[in-house]
Amino acid sequence: MPPSRPIDAGQKHDHTHVIVKFEKLFGERPRVFRAPGRVNLIGEHTDYNDGFVMPAAVGFSTYVAVTGRPDRNLVIHSEEFPGKFEFDLDKLPEQRTGAWCDYVLGVASVLRQMGHTLRGANMLVHGEVPLAAGLSSSAALEVACALALMSLGQVKLPLPEVAKLCQQAENSFVGARVGIMDQFVSCMGKAGHAVLLDCRSLEFQSVPIPAGIRLVVCNTMVKHDHATGAYNTRREECEKAVEYFAKWVPTVRALRDVTVELLNQHMHDLPATIGKRCSHVVRENQRTVDAAQALAEDNLPNIRRLMRESHNSLRDLYEVSCTELDIMVEAAEGLPGFCGGRMTGGGFGGCTVNLVREEHAEDLSTEDRNQPADLPLHRGRRSWRNSSGTRLISSVRRPSLQLHQPVRRLRKNCELRQIAAHHRHFIAAMKPGTGMAIFIDLVRKVLALRN
Ligand code: GLA
């Protein structure tokens, strides 16, 4: 897979070019569906243990433009990858092909297995979510495709069901045994909020990000090819632990059911590695619930402590961090306005997530206030004001609707930007409620300074 494009601070994120490209390719006007990527504030590697997570949808999305075809074929193009794929819906491959289109095929297969009738489709995919950065580009693609295919087949499902079928596509077709977190928040995220999700019951609540705090995502640019294998290994280790505990306490169905007391009683009988994995998961669940409470109470010192504990635990017990992530977490702690940070996502590279005081993150508000309220752009922003979950963003019925807005340049006097530019790191600053995101090149300098 080619490396993901760095997203430049001044780049315009406008889906109209997807429509234009689609019209050139297929000669007709499409409907466009959007689904966002996510960043996880806390609750890592807990979702497949029936535990708690607290992700937020981000302002990078995947767009799928679609029209129906008279035949039974799926014709799939991407703006980011060359070539096209064509498959007969009635003879879809049973296994993954190894190409990016597997996410689309997986979703189509699962919808068919569920008994839904799909129509042949022309599809064009445009992805803004950086690939393999731990921001869930795959979930965004799955969800946007599911909605596109469902709309053609007139399949109506509640969004949590869409999340589940997309997870199933990734588990059974793509072969990554991921939990429900990414797909769920891509469907159900809300502007300016994180989502506290109980991954067993799928009950959830939206937790407001405190006023004046922004999410800053720093990308190490490290991509580890073995990540899927290591991820599945972690899952197997958790399953072994559950088998062990279920022998002692039959009501244990997942690590979610193991208490700290039960773990402590058995710690010395568990193989060392399994014991470490359990210690992480059991305590991470509690940290996630505590962090939701702390966020609701604006208790930033507690959030900072919990995020740091989470990072240390992922580094030392779950062993999914890497040097770059560790350094980046430490580097952020020294920055002005820092209120908490940790690695985010599956690990072995990817990003850190940080809570940063607005005045230190970036300054977009002046430009925002200067926007007259009656500009179409402003109206568009309001509806798009997400960090919220997935949606149909344009259709043949409302062709002129423009919901996307340009990402604005950081102001020159932004402190974080200066530091970031100085260290040549890679940072994304997201203002909850607008979904705006800025990436700046960072990390190597810090590594060089450390060495
Ligand atoms: C990946 C998976 C999620 C979750 C995280 C770790 O992002 O897709 O389901 O398990 O890793 O928290």
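Residue positions are given per chain, counted from 1 along the sequence in the order it is written. Whole-chain, interface and lining totals are the exception, using all residues; otherwise, since this is a predicted model, local features are given only for residues with pLDDT of at least 70 and side-chain atom pairs are given and counted only at 80 or more. Processing note: side-chain calculations cover all non-hydrogen atoms of the structure and skip hydrogens and water entirely.

## Examining the site of the ligand
Okay, so step 1: Every residue lining the ligand is accounted for by Arg 38, Glu 44, His 45, Asp 47, Tyr 48, Val 178, Gly 179, Met 181, Asp 182, Tyr 231 and Gly 346.
Okay, so step 2: A distance of 2.7 Å is found between an oxygen atom of the ligand and a backbone nitrogen or oxygen belonging to His 45.
Okay, so step 3: As used in this structure description, the phrase polar contact means that two N or O atoms lie within 3.5 Å; if the pair is within protein, one of them must be able to donate a hydrogen and the other to accept it, and residues adjacent in sequence are counted only when both atoms belong to side chains. In this structure, an oxygen atom belonging to the ligand sits 3.5 Å away from a main-chain N or O atom of Gly 346.
Okay, so step 4: All accessible areas in this document rest on Shrake-Rupley with a 1.4 Å probe, and a residue is counted as covered only by the protein chains that are shown. Within the complex, the protein chains bury 93% of what would otherwise be the 310 Å² of accessible surface of the ligand.
Okay, so step 5: Residues are grouped as follows: nonpolar covers Ala, Val, Leu, Ile, Met, Phe, Trp, Tyr, Cys and Pro; charged covers Asp, Glu, Lys and Arg; every other residue, Gly included, is treated as polar. Residues that form the shell around the ligand fall into these classes: four nonpolar, three polar and four charged. What makes a residue near a molecule or strand is one non-hydrogen atom of that residue sitting within 4 Å of it.

## Section: the packing of aromatic side chains
Given two aromatic rings, their pairing is described by the distance between the two centres and the angle made by the two planes.
Okay, so step 1: A pair of Phe, Tyr and Trp rings is counted when the ring centres sit within 6.5 Å of each other, with Trp represented by its six-membered ring. The angle between the planes then sorts it: under 30 degrees is stacked, over 60 is edge-to-face, the rest tilted. By the definition in use, this model includes seven aromatic pairs.
Okay, so step 2: Ring plane angle 65° and centroid distance 5.3 Å describe the contact between Tyr 48 and Tyr 231, whose orientation is recorded as edge-to-face. Linking Tyr 48 in the loop between strand S1 (31-42) and strand S2 (52-68) with Tyr 231 in helix H6 (residues 227-248), this pair joins segments that are 183 residues apart in sequence.
Okay, so step 3: Residue classification places Tyr 48 among the buried positions, given a relative accessible area of 10%.
Okay, so step 4: Through a chain of ring-to-ring contacts, three or more aromatic side chains come together here, namely Phe 81, Phe 85, Phe 87 and Trp 100.
Okay, so step 5: Looking at Arg 277, its charged tip hangs above the ring of Tyr 318, at a distance of 5.9 Å from the centre. Think of it this way: any DSSP run of H or I at least four residues long counts as a helix, any run of E at least two long counts as a strand, and we number them from the N terminus. Summary of the burial criterion: residues with accessible area below 20% of their type's maximum are buried, those above 50% are exposed, and those between are partly exposed, where the area comes from a 1.4 Å probe applied to protein chains only. Criterion for a charge above a ring: Lys NZ or Arg CZ within 6 Å of the ring centre, and within 35 degrees of the ring normal.

## Quick notes on helix H3 (residues 137-153)
Each α-helix winds once per 3.6 residues, and so residues spaced three or four apart point in a common direction.
Okay, so step 1: Expected span of a helix, by definition, is 1.5 Å for each gap between consecutive residues, and there is one gap fewer than residues. Look at H3: 24 Å from first C-alpha to last across 17 residues, which is about the 24 Å you get at 1.5 Å a residue.
Okay, so step 2: Counting buried positions over the 17 residues of H3 gives 15, a clear majority of the element.

## A closer look at unusual backbone geometry
Okay, so step 1: Phi is positive for His 45, which is not a glycine, with a value near 60°.
Okay, so step 2: Residue classification places His 45 among the buried positions, given a relative accessible area of 4%.
Okay, so step 3: In this structure, Leu 202 is a non-glycine residue whose phi angle is positive, near 65°.
Okay, so step 4: Its location among the elements puts Leu 202 in the loop between strand S6 (193-198) and strand S7 (204-208).
Okay, so step 5: Note on Leu 202: relative accessible area 18%, which makes it buried.

## Comments concerning the environment of Ala 99
Okay, so step 1: Summarising the element assignment, Ala 99 is placed in the loop between strand S4 (84-88) and helix H2 (102-113).
Okay, so step 2: Taking the C-alpha atoms as reference points, Ala 99 and Val 174, separated by 75 residues in sequence, lie 9.8 Å from one another.

## Let's talk about the state of the cysteines
The bond known as a disulfide is covalent and runs between the sulfur atoms of two cysteines.
Okay, so step 1: The disulfide definition used here is simple: a pair of cysteine sulfur atoms within 2.5 Å. Overall, the coordinates contain zero disulfides when judged by the stated rule.
Okay, so step 2: The thiol sulfur of Cys 218 is not disulfide-bonded, and the nearest other cysteine sulfur, from Cys 351, lies at 8.0 Å.
Okay, so step 3: Judged by its relative accessible area of 5%, Cys 218 falls in the buried class.
Okay, so step 4: For the unlinked cysteine Cys 278, the closest cysteine sulfur is that of Cys 238, found at 6.7 Å.

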